[in-house]
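The lines below spell out each chain.
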Amino acid sequence: MDGFGFSEAFGHANHIYSYPAATQKQVLDLLFSPTVGIGATILRNRIGSGGSGDSILPNSPGCPTCTPSYVWDGTDGQQVWLTKQALSYGVKYIYANAWSAPGFMKTNNDQNNGGNLCGVSSASCSSGDWKQAYANFLVQYVKYYQQAGIAITHLGFLNEPEYTTTYSSMRSTGTQAADFIKVLSPALKAANLSSVQITCCDSMGWSNQITMTNELKSAGVESSIGVITSHAYSSQPGSSTISTSLKIWVTEHADLSGALSPNNWYSSGGAGEGMTWANSIWAGIVNSNLSAYLYWIGAEPGTTNSALILTNGTTITASKRTWAFAQWSRYVRPGAVRLGTSGSGTNLRFSAFKNTDGTLSVQVLNNGGSAASINVATSGFTTVSASGVYSAQGTDIGTLSVTVSGGVASASVPAHGMATFILKSSGSTSTSTNLQLFPN
């Protein structure tokens, strides 16, 4: 596993920066602290493609091979500040993602409203081939962060490329993306940035990302990519897998229009409820082999479910989705390995992970209408002590009462609730550890 996270794109990093000190700390703790809040480990930043104040290249140099006049204010809309804050909490991965190339590099001469990158298949422009110039632009962005003492770990050049919007957007097929990756990969290597992993393609939905990944493979660029990335709007993971040897991240999903109020963990299975998101994350990880799951916005002013945390002046409200992400991110840390599980029970879902500190993290999702008494037995691991937490309607993160007898950990998981068991052993953990979970 690589972890869980969100973005603060389109000015939201600046919102957090502008809060009074006490409010700012409360928001940062909720986003990044593994004891107070989510404990996020991935931050997704936007690479601007607009004019002055948004992009590092607000004006065309005149031609693809002309010398660009880059502009860097050192803040990047306070994403630099936010990234440093995130790193201080222990965030491991910084994902820089461009929604579009600058408009003058595209067939529609506009950073908005779709259009293709000039020079990829079936996208010629009278101004020339801008693939190398776009690669240089992205490399320069990474270098500016490097100068600020920040290592960008992942780099993306597309966002929802099958979707045309009135804001930053750029169309692409998998084949066209491959055309650009063949330029971007050597550009990163030439700049001594080989450690930066290229991602592709942040498709709007899982099904289209499957298609684009197959096209990437057919074009022979899979080995140049670090992570396959998808959003989960038009279709979601959970019932199919992407055929690739690479890690797969969901890098954006949200209930964009639902209202925060009444802010339930579980009421009717609504799109914004905490239990809904606990299940969505479980399905993506267990059934579709995800290594990371990111919500759209971490915190923003507003009243809708487009963010995990809503602010109104100095009033901070954490949605119940916050605690679904906390259940996963606090206890399934970067480097965790998913273990085999077996078990049965009506309306129960199980998963388990071995963390790098040797502990086992076991998730139990009880989608039933009554509490479930659960026993967790292990092979290849001797449980000597256990603790746990749970989330349910009326409880954000509560202490789970866990007992251990004969190496079996037992606890009651509330109705429509999620629980995490944390198991410890006196010795080392076998790589062949398996767990059996069963109700009493």
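An account of the accompanying structure is given in this report. (Residues numbered from 1 in each chain as written. Predicted model: local features only at pLDDT ≥ 70, side-chain atom pairs only at ≥ 80, totals over all residues. Heavy atoms only, no water.)

**Remarks on the sheet that holds strand 21 (residues 434-439)**
Now for step 1: Judged by pairing direction, the sheet is mixed, and its five strands sit side by side in the order 12-21-15-19-18 without closing on themselves. On the outer flanks of this sheet lie strand 12 (340-343) and strand 18 (403-405), each paired with one strand and no other. Sheet twist, expressed as the mean angle between neighbouring strand axes with direction ignored, is 25°.
Now for step 2: For strand 15 (residues 372-379) and strand 21, the ladder comprises six bridges, and the chain directions are antiparallel. Counted as the bridge partner of A377 is Q436 from strand 21. (Pairing = 2+ DSSP bridges. Helix = DSSP H or I, 4+ residues; strand = E, 2+ residues; numbered from the N terminus. Axes fitted to C-alpha atoms, helices over the stretch in contact; angles between N-to-C directions.)

**Quick notes on the packing of helix 2 (residues 21-32) against helix 3 (residues 79-89)**
Now for step 1: Viewed as axis vectors pointing N to C, helix 2 and helix 3 meet at an angle of 60°, and their least axial separation amounts to 10 Å. Judged by the angle between their axes, helix 2 and helix 3 are oblique. When you trace helix 2 past helix 3, the crossing you get is right-handed. Contact with helix 2, carried on its side by Q24, K25, L28, D29 and F32, involves W81, L82, Q85, A86 and Y89 of helix 3 and no other residues of that element.
Now for step 2: Taken together, the residues of the contact of helix 2 with helix 3 sort by class into six nonpolar, two polar and two charged. (Parallel < 35°, antiparallel > 145°, perpendicular 65-115°, else oblique. Left-handed = near helix turned anticlockwise from the far one by under 90°. Contact = heavy atoms within 4.5 Å. Nonpolar A, V, L, I, M, F, W, Y, C, P; charged D, E, K, R; others polar.)

**Remarks on the sheet that holds strand 13 (residues 348-354)**
Now for step 1: Pairing in this open sheet of six strands is antiparallel, and the strands run 11-13-14-20-16-17 from one edge to the other. Unpaired on one side and paired on the other, strand 11 (337-338) and strand 17 (395-399) mark the two borders of the sheet.
Now for step 2: Inspection of the sheet shows strand 13 paired to strand 14 (residues 360-366) by seven bridges, in the antiparallel sense. Bridged to F350 within strand 14 is V364.
Now for step 3: Of the strands in this sheet, strand 11, strand 13, strand 14 and strand 20 (417-425) are in contact with helix 7 (residues 274-288), which crosses strand 13 at around 60°.

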